[in-house]
Amino acid sequence: MGKSKIICIVMSILLAMCQLTPVRAGSLRGPGQPSIQDVQKSLASQLAANVSSKRMAELENSLRVTFAALPKQNGELLGHQAVRYMLHRQMLQRHGWFLVGLEPNDVAPPPYLNGEWVTSFLQGLLEQRLGGRGIDLHELTALAAALEDIVHKETAQRLETTYQLLQFPITAELDAAEADQVIMTFAMLYLEGNFSHNAMDLPVLQTYYSQDYADWREVGNWFREMEMRYLKSSSGSVTKYRMPALLKVVDEIGKHFGEFNDRECKNLKDMFYQMEDKRMVGRVSLSEFYKKGLHSHWNFNEKADYLRQLGALDESDPTMPRVIGPNYLGARTNCLESSSLYAVCCRNECEDLMLHLEGVIAAPKAEPERIAQLVAALPSDSVAAPRKLPTALLGRLQDVAVQHGGMVPLHGRLFAQWMHHAYPRECPFPHQTGTVSPLTPNEWMREAGQENAKASAEEMQTQVASDTCSGTGPCSEARDLPWSSTEELFVSQGTPVHDHKEEQEGGWTAFNVAMLLLAAALFVTGQWPHARELPAALALLEEAAGASKRRADLQKCATVAGLAAAAAGFGILDPSAFGLAACLGIVAFTAPRLLAQVKTKNDKSWA
């Protein structure tokens, strides 16, 4: 074998070792999403960013209060689940983004870098770089900024698609009318959540929004307000616009559409609670829910099975199923699936209440008396303050404290349930992990094998007819909200991470020892003076190669493999990377020789 071939094999092994990650290459979730390289660059850029920059400072300040109140691991560091919890809250409250991959009930632990979604991959990438020691406030800020950065890159890709649909060169200078055409076309595609249309679809799409989309006048005016604010007002007397100027507009549309959506959410909330069941606060009977759907333009028509899966159906009274207000209003059925990375959902109003408590308490847990005092003085959209908390509610809080040695963890299921009782129209009822799932209608239909997530008119009429309560008699009596004593901590209460890190750094696993022994054997093999004394495995490889003159090549390969094994043994090289690279190296070395043998035999047989 010539030197050039040896170099090619060695370079192939090293390249595989350097670049390999246990996820597929390219896009993380199909066409239109940023690539793995984009995600890696975004994280590296934000980690290196100047913390004093205006954007990073604002983002860090918005995270600071909750960060201070969360249980820490290894000093002032957040663990894996705490980071997920914070990012989910941050993005939903800051932009109205329900990020795919940060579902509240998704508590599956690492392996890192095996996540299918961008968010899981990004978090795993950072945690792997940090060696599992936990994440501090600056790193958390960088992670949040990187997520926003990735969304920005998707927006840029979508704007290029819009230019192509309208047959504008991406380098074109557009006049005001053309710029407006681009922005409004982008807006329609954003509402569709679909940028895969072709140019022939645009007239149909424009007709639908101008004639059939009920709220187009209002939402169209909002889009043009954004255009005026971020394009024309900031451009002064400029009459021609390049793509970067338009990108600023559509980027801000994505960041602020949640604010516009809040108006729609408020209308939905007001209509929902007009139907509120007076027997159980914060809930609407399924019969009334469907009755409104049958006799108005409001789409209150989700199947009971789908509502149950969303965690929005209260069946504590089997004879009278009820829809839980906060759970339904914040459910994926009411979200706009406008991006492959996020959905725009109604803000969780309970988070504002929690943020106030976290800011005052500034600790992961507090005495029940202090919490009761703070909540009694804390108003919400539907609860006036100050108020006297009911005796039963105070008793529940004491019960939670008893389970935790006299203190109430702020980030556990029982306290979230207590907040639901204290603010039943704002705070969702927290179901036990694994019992519900925030699926979109399409996801639920695929999983449940259903053709539609909406109940048919017949199904709704049957439910309405089954309601025999007339507003008087036994069924008119008030009922207590359901209570479950099962506790789950959304964020672990300070379990140290450093033990795991020390085990990795100071402990010797079977893999470490095996790799070092393999390295020693390979180094010895590479220097062994007689071909007949090669170990059996390498002798087999040499035999497969078909000639003893390959010994020098084997020695060089053994030396490279020995270096790699030593790196894996000392924890420098990822075990998965080592395993796959070794396999690739063996295949690259033996395959040509085996093929050559087969060819020789075939040639002889033909002769």
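Refer to the preceding data block for the structure.
S.K.: Got a minute to help me understand the packing of helix α4 (residues 80–95) against helix α5 (residues 118–129) in this structure?
M.R.: Packed helices, taken two at a time, are described by the angle between their axes plus the distance between the axes. Packing of α4 against α5 leaves a shortest axis separation of 11 Å and a crossing angle of 135°. One finds that α4 runs oblique with respect to α5. Two packed elements cross with a definite hand, and for α4 against α5 that hand is right-handed. Across the interface between the two elements, H80, V83 and R84 of α4 pack against S120, Q123 and E127 of α5. Of the residues assigned to the contact of α4 with α5, the class counts are 1 nonpolar, 3 polar and 2 charged.

S.K.: It is not clear to me how the nonpolar core should be interpreted in this structure. Could you clarify?
M.R.: Side chains of nonpolar character tend, in soluble globular proteins, to be buried together. In this structure, L140, L159, F223, L246 and F257 are the most contacted members of the largest nonpolar core, which totals 76 residues. Contacts of F223, omitting those with residues within four sequence positions, involve M184, A187, L191, W216, I253 and F257. Counting 27 residues, the second-largest nonpolar core is a separate cluster that includes A376, L389, A422 and Y423.

S.K.: Just checking my understanding: could you explain the packing of aromatic side chains for this structure?
M.R.: Two numbers describe a pair of aromatic rings. These are the distance of the centres and the angle of the planes. In total, this model carries 26 aromatic pairs according to the counting rule given. Note on Y209 and W216: the rings are 5.3 Å apart at their centroids and 55° apart in plane angle, and the pair reads as tilted. For the pair formed by Y209 and W216, the shared burial category is buried. Between F289 and Y328, the ring centres sit 5.2 Å apart and the planes meet at 90°, which makes this aromatic pair edge-to-face. Within this pair, whereas F289 is found in helix α11 (residues 286–294), its partner Y328 is found in helix α13 (residues 325–329), the two being separated by 39 residues in sequence. Take F289 and Y328: they sit in the same class, and that class is buried. Put simply, the rings of F186, Y190, F195, Y208, Y209, Y213, W216, W222, F223, F257 and F260 pair up and form one aromatic cluster. The ring of F67 carries the charged tip of K72 above its face, separated from the ring centre by 4.8 Å. Its end group placed over the ring of Y423, R387 keeps NZ or CZ at 5.0 Å from the ring centre.

S.K.: Can you walk me through the state of the cysteines in this structure?
M.R.: A covalent bond between the sulfur atoms of two cysteines is what we call a disulfide. On inspection of all chains with the given rule, the structure shows 3 disulfides. Here C265 engages in a disulfide with C346; their sulfurs sit 2.1 Å apart. One quick way to see it: the torsion about the S-S bond of C265 and C346 is about -90°, and its sign makes the bridge left-handed. Of this pair, C265 sits in helix α10 (residues 243–274) while C346 is found in the loop between β5 (342–344) and α14 (349–361), placing the two residues 81 residues apart along the sequence.

S.K.: How should I be thinking about the pattern of salt bridges in this particular structure?
M.R.: Pairing is possible between side chains that carry opposite charge, provided their charged atoms lie close to one another. Applying the stated criterion across every chain yields a total of 26 salt bridges. Linking R55 and E148 is a salt bridge whose minimum nitrogen-to-oxygen distance equals 3.0 Å. You can see R55 sitting in helix α3 (residues 54–69) and its partner E148 sitting in helix α6 (residues 137–165), a full 93 residues away along the chain. Overall, E148 belongs to the buried group, its relative accessible area being 6%.

S.K.: Can you help me understand unusual backbone geometry in this one?
M.R.: Glycine aside, residues mostly have negative phi, and peptide bonds are mostly found in the trans state. Omega for the bond connecting A385 with P386 falls within 30 degrees of zero, at 0°, which places this linkage in the cis form. Position of P386 among the secondary structure elements: in the loop between α15 (368–376) and α16 (391–403). In this structure, Q167 is a non-glycine residue whose phi angle is positive, near 60°. With respect to the element layout, Q167 can be found in the loop between α6 and α7 (176–192). For Q167, a relative accessible area of 67% puts it in the exposed group. Positive phi is not limited to glycine here, since A362 has a value of about 55°. Positionally, A362 belongs in the loop between α14 and β6 (365–366).

Procedures and definitions
- Residues numbered from 1 in each chain as written.
- Predicted model: local features only at pLDDT ≥ 70, side-chain atom pairs only at ≥ 80, totals over all residues.
- Heavy atoms only, no water.
- Axes fitted to C-alpha atoms, helices over the stretch in contact; angles between N-to-C directions.
- Helix = DSSP H or I, 4+ residues; strand = E, 2+ residues; numbered from the N terminus.
- Parallel < 35°, antiparallel > 145°, perpendicular 65-115°, else oblique.
- Left-handed = near helix turned anticlockwise from the far one by under 90°.
- Contact = heavy atoms within 4.5 Å.
- Nonpolar A, V, L, I, M, F, W, Y, C, P; charged D, E, K, R; others polar.
- Core = buried A, V, L, I, M, F, W, Y, C linked by side-chain atoms within 4.5 Å.
- Buried < 20%, exposed > 50% of the residue type's maximum accessible area, 1.4 Å probe, protein only.
- Phe/Tyr/Trp six-rings, centres within 6.5 Å; stacked < 30°, edge-to-face > 60°.
- Lys NZ or Arg CZ within 6 Å of the ring centre and 35° of its normal.
- Disulfide = S-S within 2.5 Å.
- Salt bridge = Lys/Arg side-chain N within 4 Å of Asp/Glu carboxyl O.

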